[in-house]
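# Structural characterization, general
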Amino acid sequence: MTKNLLSSAVFAGLIAGLIAALLQFVFVIPLLLEGELYESGQRVHFLVDGMTQSEKGGPGLGNEWGRHLMTVAFNVVTYTGYGLLLVAAMGFARERTGLQITVQNGLIWGLCGFIAVQLAPAMGLPPELPGTPAAEVAPRQVWWIGTILATAIGLALIAFGRGVLVHAVALLLILMPHLFGAPHLDTYFGIAPPELSAEFATISLGVAAVGWCLLGYFSAYFLARGED
Amino acid sequence: MTTQTASFAAAKTHGLAFILAMTVGVALLTVSGMAQATVLHDAAHDQRHAMAFPCH
């Protein structure tokens, strides 16, 4: 059981992490590198000759292979970490409720992971381009972790809990972090163009959604296979 | 009786397996997403932004 849990998470994390990294290099990293031009002041938005326009286009991936290799490696570490939490939850649900884990419901597990870990926190703390000034990192991490826990517990109560009251509590739990509000600064800085920030936020969420679907699918696949 | 003891023992082992998986998972995520040590932060930087961890 222990071996099956760990190996399922490692295999699923490796597949999801590698594919997510590949998608990030196509869709996300170019925007991130473009954002760094504004972070470093190589490009300035809204200040060029009194014009509101600024030049568009990223610098390309360049030849920083060491840096990009680290991005691949840490994607695998992150997806394996999330994979371990996911297989533990799948295994626990299977033991307690008798639910069979299949690749079909694995996809739903993955989507719920995406909602809890990416989408819900992004409602308060949008994925940030490098150089976006933000509140202190510690309170943001606390709100981020709290939102993930509240959303995950809420979703689990909706999936496995019975009764209107339990489901109402679950919805309240999911809503709570947003009513409380994420830590934000009192002013806007707008160092990077808003179009670039918005595109970065939505495309990184989209890529993370693909990563989580893969993670759920393959976690379930290896978990079910290991039990045969 | 024997069966019952065996299933209790199995449930206990499974419980430990879940706790172990979650502990290792949280440890990996701390390294890849949360730890603020400069070396880790710089190496994981692009991935942290791409995965929307609260970075620096």
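The rules we used
- Residues numbered from 1 in each chain as written.
- Chains lettered and ligands numbered in written order.
- Predicted model: local features only at pLDDT ≥ 70, side-chain atom pairs only at ≥ 80, totals over all residues.
- Heavy atoms only, no water.
- Helix = DSSP H or I, 4+ residues; strand = E, 2+ residues; numbered from the N terminus.
- Buried < 20%, exposed > 50% of the residue type's maximum accessible area, 1.4 Å probe, protein only.
- Contact = heavy atoms within 4.5 Å.
- Areas by Shrake-Rupley, 256 points an atom, 1.4 Å probe, with all protein chains shown as cover.
- UniProt positions renumbered as here; feature names shortened; annotations may be inferred.
- Patch = residues over 30% accessible without salt bridge, like charges linked within 9 Å, V, L, I, M, F, W, Y side chains within 5 Å.
- Salt bridge = Lys/Arg side-chain N within 4 Å of Asp/Glu carboxyl O.
- Expected span 1.5 Å × (residues − 1).
- Axes fitted to C-alpha atoms, helices over the stretch in contact; angles between N-to-C directions.
- Parallel < 35°, antiparallel > 145°, perpendicular 65-115°, else oblique.
- Left-handed = near helix turned anticlockwise from the far one by under 90°.
- Core = buried A, V, L, I, M, F, W, Y, C linked by side-chain atoms within 4.5 Å.
- Domains from an automatic or database assignment.
- 1 Å grid on protein atoms, 1.4 Å probe; cavity = no way out; pocket = protein on both sides within 12 Å on 5 of 7 lines; lining within 4 Å.
- Points joined across faces, edges and corners; volume = space filled by probe spheres on them.
- Nonpolar A, V, L, I, M, F, W, Y, C, P; charged D, E, K, R; others polar.

## Concerning the overall build of chain A
Along chain A, the regular secondary structure elements total six helices and zero strands. Counting helices and strands in the order they occur from the N terminus, chain A gives α-α-α-α-α-α. Referenced to the eigenvectors of the C-alpha coordinate spread, the extents of chain A come out at roughly 65 × 40 × 25 Å. For chain A, with 228 residues in total, the buried portion stands at 44%. For chain A, contacts bridging at least 24 residues in sequence account for 78% of all contacts bridging at least 6. Total accessible area on chain A is roughly 11,800 Å²; 70% of this is exposed by carbon and sulfur atoms.

## Looking at the UniProt feature "transmembrane region" (unreviewed entry) in chain A
Here, the residues flagged by UniProt with the feature "transmembrane region" (unreviewed entry) are residues 9-33, 72-93, 105-122, 142-159, 164-180 and 200-224 of chain A. Here residues 164-180 of chain A runs as 100% helix and 0% strand, with 24 Å between its end C-alpha atoms.

## Quick look at a nonpolar patch on the surface
A cluster of nonpolar side chains, Leu172(A), Leu175(A), Met176(A) and Leu179(A), forms an exposed patch at the surface whose accessible area comes to about 390 Å². Residue placement: Leu175(A) occurs in helix H5 (residues 164-180).

## Quick notes on helix H4 (residues 137-160) of chain A
Between its first and last C-alpha, H4(A) extends 34 Å over 24 residues, near the 34 Å set by a 1.5 Å rise per residue. Regarding H4(A), the residues found buried are Val137(A), Arg140(A), Gln141(A), Trp143(A), Trp144(A), Thr147(A), Ile148(A), Ala150(A), Thr151(A), Gly154(A) and Leu155(A).

## Some remarks on the packing of H4(A) against H5(A)
Residue and element names in this part refer to chain A. Running from amino to carboxyl end, H4 crosses H5 at an angle of 165 degrees, the nearest separation of the two axes being 8 Å. Here H4 is positioned roughly antiparallel relative to H5, judged by the angle of their axes. Crossing geometry of H4 relative to H5 is assigned as left-handed. Across the interface between the two elements, Trp143, Thr147, Ala150, Thr151, Ile153, Gly154, Leu155, Leu157 and Ile158 from H4 touch Val166, His167, Ala170, Leu171, Leu173, Ile174, Pro177, His178 and Phe180 from H5.

## Here we look at the nonpolar core
Residues Leu5(A), Tyr82(A), Met90(A), Trp144(A), Trp212(A), Leu215(A) and Phe53(B) are the most contacted members of the largest nonpolar core, which totals 41 residues. Residue assignment for this core shows that the elements contributing at least two residues are helix H1 (2-39), helix H2 (65-97), helix H3 (103-124), H4 and helix H6 (194-227) of chain A together with helix H1 (2-34) of chain B. When residues of this core are sorted by domain, at least three fall in each of domain 1 (2-129 + 194-227) and domain 2 (135-184) of chain A. With sequence-adjacent residues up to four places away left out, Leu5(A) is seen in contact with Val87(A), Ala88(A), Leu223(A), Ala17(B), Phe18(B) and Ala21(B). If you look at the next biggest cluster of nonpolar residues, it comprises 14 residues, including Ile29(A), Tyr38(A), Val207(A) and Ala50(B).

## Some points on empty space enclosed by the protein
By the definition in use, this model includes two cavities of 30 Å³ or more. Volume-wise, the largest cavity comes out at about 90 Å³. Around the largest cavity, the lining residues are Leu125(A), Pro126(A), Pro127(A), Glu128(A), Arg140(A), Trp144(A), His49(B), Ala52(B), Phe53(B), Pro54(B) and Cys55(B). Taken as a whole, the second largest cavity spans an internal volume of roughly 40 Å³. Lining the second largest cavity are Val117(A), Gln118(A), Pro121(A), Ala122(A), Leu125(A), Pro127(A), Trp144(A), Met51(B) and Ala52(B). Among the elements that line the lining of the second largest cavity, the one with the most residues is H3(A), at four residues. Of the residues assigned to the lining of the second largest cavity, the class counts are eight nonpolar, one polar and no charged.

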